[in-house]
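Structure at a glance
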Amino acid sequence: MKSYFNRLLHSENSPKKWELAIWWAARTVLIATFVHALFFNRNEDHTKMALQVFGNLLGQFVWEILMISPKKSFLRHIPAYIQDIIAPALIGGSLFGAYLNFYYSAPVLDIIMHAVGGVACTLIGYEIITAMEKRDIERGDTRSSVSIIVFGAFCFSFVAGNIWELFEFTADQLNPSAPGDAQHWSYDLAVQAIEEAKKVGKTIDLPNFIPHRDPVRYGVIDTMEDMICNTVGGFIGWVILKIVPYHHREENKKVKELTKVK
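Here we summarise the structure given alongside this text. (Residues numbered from 1 in each chain as written. Predicted model: local features only at pLDDT ≥ 70, side-chain atom pairs only at ≥ 80, totals over all residues. Heavy atoms only, no water.)

1. Here we look at the packing of aromatic side chains
All chains considered together, the criterion is met by ten aromatic pairs. On the numbers, 4.9 Å between centres and 25° between planes, the contact of Phe154 with Trp238 is stacked. Of this pair, Phe154 sits in helix α8 (residues 146-173) while Trp238 sits in helix α10 (residues 218-243); the two residues are 84 residues apart in sequence, bridging distant segments of the chain. When its relative accessible area of 23% is taken as the criterion, Trp238 is described as partly exposed. When the ring centre of Phe61 is taken as origin, the NZ or CZ atom of Arg27, which lies over that ring, is 3.9 Å away. (Phe/Tyr/Trp six-rings, centres within 6.5 Å; stacked < 30°, edge-to-face > 60°. Helix = DSSP H or I, 4+ residues; strand = E, 2+ residues; numbered from the N terminus. Buried < 20%, exposed > 50% of the residue type's maximum accessible area, 1.4 Å probe, protein only. Lys NZ or Arg CZ within 6 Å of the ring centre and 35° of its normal.)

2. Describing the packing of helix α2 (residues 17-40) against helix α5 (residues 82-99)
Packing of α2 against α5 leaves a shortest axis separation of 10 Å and a crossing angle of 25°. Taken together, the axis directions place α2 and α5 in an arrangement best described as roughly parallel. For the crossing formed where α2 meets α5, the hand is left-handed. Contacts between α2 and α5 involve Trp18, Glu19, Trp23, Ala26, Arg27, Val29, Leu30, Thr33, His36 and Ala37 from the first element and Gln83, Asp84, Ala87, Ile91, Ser94, Leu95 and Tyr99 from the second. When grouped by side-chain class, the residues that make up the contact of α2 with α5 number ten nonpolar, four polar and three charged. (Axes fitted to C-alpha atoms, helices over the stretch in contact; angles between N-to-C directions. Parallel < 35°, antiparallel > 145°, perpendicular 65-115°, else oblique. Left-handed = near helix turned anticlockwise from the far one by under 90°. Contact = heavy atoms within 4.5 Å. Nonpolar A, V, L, I, M, F, W, Y, C, P; charged D, E, K, R; others polar.)

3. What about a nonpolar patch on the surface?
A cluster of nonpolar residues, Ile31, Val35, Phe39 and Phe40, forms a patch on the protein surface that exposes about 400 Å² of accessible area. Among the structural elements, Phe39 can be located in helix α2. (Patch = residues over 30% accessible without salt bridge, like charges linked within 9 Å, V, L, I, M, F, W, Y side chains within 5 Å. Areas by Shrake-Rupley, 256 points an atom, 1.4 Å probe, with all protein chains shown as cover. Salt bridge = Lys/Arg side-chain N within 4 Å of Asp/Glu carboxyl O.)

4. Brief notes about the pattern of salt bridges
Between side chains of opposite charge, a pair can form as their charged atoms come close. Under the counting rule described, the total for this entry stands at two salt bridges. Among the salt bridges present, the one from Arg27 reaches Glu64, with a minimum N-O distance of 2.8 Å. Taken as a pair, Arg27 in helix α2 and Glu64 in helix α4 (residues 62-66) lie far apart in primary sequence, 37 residues in all. Here the two residues Arg27 and Glu64 agree in accessibility, since each one is buried. Its salt-bridge partner being Arg135, residue Asp136 comes within 3.0 Å of it at the nearest N-O pair. On the basis of relative accessibility, which here comes to 19%, the residue Arg135 falls in the buried class.

And the structure:
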């Protein structure tokens, strides 16, 4: 146990003090949200919402969980800053999006989160592949091409984002008699949000930016929009890493110099 805490606080990949402050601020917010959802929210689905918040709270400990892995695992090489990305993402999705209902009252949030999430997943994919490379170098293998690593990071983002969409869509189909709202998109709830906005003098529209008013297909349209935003974000992340592959600056520089010579 002592070695584990030393690894968390004193290793090469350990978080800085300001990072720990951000993590625990985010965790405190979700703990308070969980308590409120479980004991003070009297909506019919308050238990389901509390479980959703609790699941996101567990996600706030991803990096610490990864550090439990065996010494020879590539997970040990993943830096703490991935938790800097995960922490605000979970706050945005769990608290603002789902719990405070912004997915319906401010639908542009969903589009922004998926696009930014695509960029973030590309960075996380880059860290994962780089961690694998560090492990392999320790075993005596050679370094991989920067272009392959960056492309792999984009592929990770694409796969991660679309697996999540498949999960949400599938989860909402498992019980037709009592459909869930894993996608955080329901035609009835969206219409309800529009009516509530009208009461206070505000005007909002149905969330989809692809015009479509068939209630039966709105879940599918929402999933496709999210997949498009995920992919666009992943592509932007790919371009950023092609320009600034921060773990491989020297290698990228050498490649450019050799190209010039030829």
